[in-house]
Structures are given as structure tokens and as C-alpha cells.
Amino acid sequence: MKLATIGRGAIVDQAYRSFEDLEGITPVAVYSRTMEQAEEFAKKHNVPQAFDDLDTMLASPDIDTVYIASPNSLHVPQARKALEAGKNVILEKPFAATVKEGKELFELAEKNGVMIFEAITSIHTPNFGLLKDNLYRVGQIRECVFNFSQYSRKYARYMEGIVDNVFNPEMDGGALMDINIYNIHLAVALFGKPQSVHYTPLIGWNGIDSSGVLLMVYPDKIITAIGSKDSSCDYLAAIQGETGTMRISKGSTGKMEYVDFVTPATENQNPEPEQISIDQGLHMTYEFMDFLTALNENNQEMYQAYKEETLAALEILEQARAQIPAYQQEAK
Ligand SMILES: NC(=O)c1ccc[n+]([C@@H]2O[C@H](COP(=O)([O-])OP(=O)(O)OC[C@H]3O[C@@H](n4cnc5c(N)ncnc54)[C@H](OP(=O)(O)O)[C@@H]3O)[C@@H](O)[C@H]2O)c1
């Protein structure tokens with residue numbers, strides 16, 4: 001994979017650390033809005049080419065794949081350009097804001113004979129696989145709580161009236177779009193589409209959700225998904241069944257760092273938790289490994305599974321987003 005990257009945030013630095021462990025991924029170009037920044041970032045990561053014009057970069061035959069980690073509202077237009085230029089795309093979450101936009105990108109990829117993937121880390125990790133393999137042990141699942149609450153240092157600025165991208169509706173910001181999206185993916189990857197979706201946001205001064213609770217209701221279970229940028233919690237996800245509970249530390253953040261299984265406590269007995277997870281190392285490595293495999297093998301089975309997962313997550317996202325005042329007037 002001859003890869004170009006868009007964005008200079010912390011997540012892109014992490015991605016470059018993952019590329020070091022991966023044979024088969026060669027970063028060849030960096031894009032930034034200014035040449036000075038592009039060159040500086042390229043130098044930092046030892047990448048040979050820097051661009052400040054997206055069209056010029058996308059016209060380069062040296063690149064076959066583009067990793068897009070720009071503000072959310074730029075995902076669709078930048079991905080569209082890359083696909084039209086015949087490049088594969090690895091697109092940061094959220095893939096799009098609506099199902100219509102998501103489908104449009106997949107259709108464009110098919111038309112141009114390339115692939116597009118959503119970079120949602122959790123479902124590619126070995127610990128997610130181990131969780132799935134062991135899930136039968138909890139019996140009939142009834143309740144799940146997925147909590148991704150991370151106080152953002154940008155929230156203090158927001159409260160002073162300074163709006164960074166992540167709290168800006170014009171940039172598709174807010175807690176649902178930025179972090180509850182991980183919980184949505186976790187639910188879809190484990191249980192498929194829910195029967196109904198109910199989002200109760202806490203609304204900040206510009207109509208954006210600074211946090212919120214998303215209920216995903218299935219015929220036999222309820223997922224309570226919390227996403228917060230105005231308060232913190234220890235990122236625990238719990239899957240409660242009739243014969244036990246799976247507890248996932250950093251399950252909601254996409255890292256799937258630690259998973260254990262515990263049988264129900266009784267009056268006389270407090271059972272010891274049993275560790276299920278392994279030490280995975282860099283969690284981002286696994287999604288890039290999977291995308292590399294899908295591309296190298298032209299593996300349509302993998303591709304279709306990721307595509308269906310993304311479109312199902314977008315259905316939920318779109319319904320929940322309709323409850324956020326800042327997005328209620330939009331005509332996308
Ligand atoms: N998978 C994960 O765990 C994870 C974690 C964090 C973030 N993300 C995702 O990664 C993406 C980037 O997040 P971030 O926090 O790094 O975002 P960000 O800092 O707001 O923006 C990322 C980059 O986009 C460019 N940019 C910023 N404002 C812009 C504007 N108004 N117009 C055009 N370009 C602009 C900047 O690059 P230049 O100055 O070089 O142009 C910046 O470095 C988001 O989609 C987010 O959801 C994923």
C-alpha cells in the first residue's frame with residue numbers, strides 16, 4: 001500500500017507509529033493546507049512527499065490509498081475526490097453524517113474499482129475477537145452499558161465561547177458524532193441493527209450535544225450508550241447476561257484494552273473475574289492490517305462485511321442525530 005495521509009492530529013501520529021510495525025504499508029505523501037505544515041509533518045514522519053493542494057496529490061501515480069483524518073464534515077467531500085481519482089480510501093469515523101452520503105461513497109468506490117473503509121479500530125482488535133468468541137458464556141444478554149465519557153480540554157474553551165471543530169456543528173462535531181459513534185459500532189458489530197433508537201442529548205449553547213445517552217433497543221436486550229465530552233468516566237463497557245457479565249476496559253474508546261468475564265455474584269459468593277483479553281500493543285495496527293489484507297487479496301467478503309457494518313451504524317447515527325438541535329434544520 002502506497003499511502004498518503006490527510007490531517008495532522010494525534011490520531012495520525014498514532015497511525016504512523018502503527019505503520020512502523022506493518023510490512024506492506026509505505027507512507028509516501030502528506031497533505032496539509034499549507035506547504036510549511038505539510039513539509040514539517042512529512043519530515044517528522046520521514047515521508048518523502050508533501051502537498052498543500054489536494055487535487056495535485058490525488059493525481060500522483062505514486063499513491064494508491066489515502067487515509068483521511070480531517071474534521072468530520074470534510075470526510076465525504078475529501079473521500080469523494082480521492083475515489084474519483086481512483087484511490088482506495090481509509091476514512092476516519094464517522095464515515096458520513098447520513099446513510100445517503102455513505103451509500104454514495106460506496107457506489108463511487110465500486111464505480112472506480114477501488115475500496116473504501118471506515119477506520120473504526122475496536123472491531124478489528126484481537127480482543128474484540130476474543131470477546132465475541134466468549135460471549136456465549138454470559139447467556140441470554142439483557143442489558144449493556146457502553147460508556148465513552150472523556151472530558152475534552154476543548155470543552156473548557158467551548159464554555160468560554162471558543163468553538164473548536166469538535167464542538168462545531170458546521171464541522172459535524174458533538175458527542176454523538178465524535179465518540180458515541182464507537183458505541184454504535186460496538187453494538188452493531190456484536191448484535192446487528194436494533195429495533196429502535198432513542199437519543200437524549202445534553203445541549204450546549206450553540207445547539208451541539210456536549211454529551212448524551214443513546215438507547216439501542218433490541219427485542220431481547222437494551223444497549224445504553226453514553227458518550228460525553230463534558231465529563232469523564234473510566235470507559236467501562238459491560239455486557240450483562242443471565243449467566244454472567246463481560247467487562248471491557250476501554251471497550252468504548254476503540255481500544256478494547258482489557259476484557260474479563262465474571263459470573264453473577266450471590267449473597268454468599270463474590271466470584272473472581274477471569275481475564276479473557278491479551279496484551280495487544282498498538283490498537284490501531286489491526287484495522288490497517290485488515291484493510292491491507294482486503295486490498296491485497298481483493299477480498300470482497302471482508303469488504304462487504306465492513307460496508308454493511310458501516311451502513312448499519314450510519315442508520316443509527318442518522319436517527320440519533322435528528323434529536324440534536326444543531327442538526328435539525330439541515331438539508332443534506
Ligand atoms: N480513531 C480514533 O481513535 C480517532 C481519534 C481521534 C480523532 N479521530 C478522527 O480523526 C479525525 C481528525 O480528528 P482531529 O481531532 O485530529 O481533528 P482536527 O484537529 O480538528 O483536524 C484534523 C486536521 O484537519 C485539518 N483542519 C483543521 N481544521 C480545518 C478546517 N477548518 N478546514 C480544513 N481542514 C482543517 C488540520 O490539518 P492541516 O492544518 O494540516 O490542514 C488538522 O490537523 C476526525 O474525523 C476524528 O473523528 C479518530
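Structure first, text after, so check above.
Residues numbered from 1 in each chain as written. Predicted model: local features only at pLDDT ≥ 70, side-chain atom pairs only at ≥ 80, totals over all residues. Heavy atoms only, no water.

(A) Just the overall build of the chain, in detail. When helices and strands are tallied, the chain shows 11 helices and 14 strands. In terms of overall dimensions, the chain is globule-like: its C-alpha atoms have a radius of gyration of 20 Å, near the 20 Å expected for 332 residues. Along the first, second and third principal axes, the C-alpha atoms of the chain reach 70 × 45 × 35 Å. For the chain, with 332 residues in total, the buried portion stands at 56%. A sequence separation of at least 24 residues applies to 66% of the contacts in the chain between residues at least 6 apart. Summed over all atoms, the accessible surface of the chain reaches about 14800 Å², with 47% contributed by carbon and sulfur. Each charge sign in the chain was given a centre, from 28 positive and 46 negative side chains, and these centres are 3 Å apart. (Helix = DSSP H or I, 4+ residues; strand = E, 2+ residues; numbered from the N terminus. Rg over C-alpha atoms; globule rule 2.2 N^0.38 Å. Buried < 20%, exposed > 50% of the residue type's maximum accessible area, 1.4 Å probe, protein only. Contact = heavy atoms within 4.5 Å. Areas by Shrake-Rupley, 256 points an atom, 1.4 Å probe, with all protein chains shown as cover. Lys, Arg positive; Asp, Glu negative; His and termini not counted. Charge placed at Lys NZ, Arg CZ, Asp CG, Glu CD.)

(B) Examining the sheet that holds strand 8 (residues 196-203) more closely. Spatially, 8-9-10-7-11-12-13-14 is the arrangement adopted by the 8 strands of the open sheet, whose pairing is mixed. Of all the strands in the sheet, the pair left with one neighbour each is strand 8 and strand 14 (274-275). Sheet analysis places strand 13 (residues 258-262) next to strand 14, joined by 2 bridges and oriented antiparallel. Following the sheet pairing, aspartate 260 is matched in strand 14 by glutamine 275. In the packing of helix 6 (residues 126-134) onto the sheet, contacts are made with strand 11 (236-241), strand 12 (244-249) and strand 13, and the angle to strand 12 comes to roughly 175 degrees. (Pairing = 2+ DSSP bridges. Axes fitted to C-alpha atoms, helices over the stretch in contact; angles between N-to-C directions.)

(C) Here's a closer look at the site of the ligand. Lining the immediate environment of the ligand, one finds 19 residues, of which Arg8, Ser32, His75, Asn165 and Tyr182 sit closest. Measuring from an oxygen atom of the ligand, one finds a side-chain N or O atom of serine 32 at 2.6 Å. Of the residues assigned to the shell around the ligand, the class counts are 6 nonpolar, 8 polar and 5 charged. (Near = heavy atom within 4 Å. Polar contact = N/O pair within 3.5 Å; in protein donor to acceptor, adjacent residues only side chain to side chain. Nonpolar A, V, L, I, M, F, W, Y, C, P; charged D, E, K, R; others polar.)

(D) Fine view of the pairing of strand 7 (residues 141-149). As paired elements, strand 7 and strand 11 share 5 bridges and run antiparallel to each other. Pairing of valine 145 across the sheet is with alanine 238, part of strand 11. Where strand 7 meets strand 10 (residues 222-228), 7 bridges bridge the pair, whose relative direction is parallel. When the sheet's bridge partners are listed, asparagine 147 is paired in strand 10 with isoleucine 226.

(E) Seen up close, the sheet that holds strand 2 (residues 26-31). The strand order across the open sheet built from 6 strands is 3-2-1-4-5-6, with neighbouring strands paired in parallel fashion. Two strands close off the open sheet at either side, each with one partner strand: strand 3 (49-51) and strand 6 (116-119). Mean inter-strand twist for the sheet, computed between neighbouring axes without regard to direction, equals 25 degrees. In the sheet, strand 1 (residues 2-6) pairs with strand 2 via 5 bridges, with the strands oriented parallel. Bridging from a neighbouring strand, threonine 5 pairs with valine 30 of strand 2. In the packing of helix 1 (residues 10-21) onto the sheet, contacts are made with strand 1, strand 2, strand 4 (65-68) and strand 5 (88-92), and the angle to strand 1 comes to roughly 165 degrees.

(F) A look at the environment of alanine 320. Relative to the assigned elements, alanine 320 resides in helix 10 (residues 300-321). With a relative accessible area of 1%, alanine 320 lands in the buried category. Separated by 283 residues in sequence, alanine 320 and glutamine 37 place their C-alpha atoms 36 Å apart. Once you skip the residues sitting within four places of it in the chain, alanine 320 turns out to touch Leu176, Val197, Tyr199 and Leu214.

(G) Here's a closer look at unusual backbone geometry. The step from lysine 93 to proline 94 runs through a cis peptide bond, and the omega angle for that step is -10 degrees. The backbone of asparagine 46 shows a phi angle near 60 degrees, a positive value even though the residue is not glycine. Among the secondary structure elements, asparagine 46 is positioned in the loop between helix 2 (35-44) and strand 3. At aspartate 172, a position not held by glycine, the phi torsion is positive, near 60 degrees. Within the fold, aspartate 172 resides in the loop between helix 7 (153-159) and helix 8 (175-191). Overall, the relative accessible area of 5% leaves aspartate 172 in the buried class.

(H) Structural detail: the packing of aromatic side chains. Evaluation of the coordinates by the stated rule reveals 18 aromatic pairs. Members of the aromatic cluster, each reached through a chain of ring pairs, are Tyr16, Phe19, Phe41, Tyr67, Phe95, Phe106, Phe117, Phe288, Phe291, Tyr303 and Tyr306. Here the guanidinium or amino end of arginine 321 rests over the ring plane of tyrosine 327, the centre of that ring lying 3.7 Å away. (Phe/Tyr/Trp six-rings, centres within 6.5 Å; stacked < 30°, edge-to-face > 60°. Lys NZ or Arg CZ within 6 Å of the ring centre and 35° of its normal.)

(I) Representation of a negative patch on the surface within the structure. Side chains of Glu36, Glu39, Glu40, Asp52 and Asp53 sit close together on the surface and give a patch of like negative charge. Tracing the backbone shows glutamate 36 in helix 2. (Patch = residues over 30% accessible without salt bridge, like charges linked within 9 Å, V, L, I, M, F, W, Y side chains within 5 Å. Salt bridge = Lys/Arg side-chain N within 4 Å of Asp/Glu carboxyl O.)

(J) Spotlight on the pattern of salt bridges. Enumeration according to the criterion identifies 13 salt bridges in this entry. The partner of aspartate 55 in a salt bridge is lysine 81, and the shortest N-O contact between them spans 2.9 Å. Within this pair, whereas aspartate 55 is found in helix 3 (residues 54-58), its partner lysine 81 is found in helix 4 (residues 75-84), the two being separated by 26 residues in sequence. Under the relative-accessibility criterion, aspartate 55 is labelled partly exposed at 44%.

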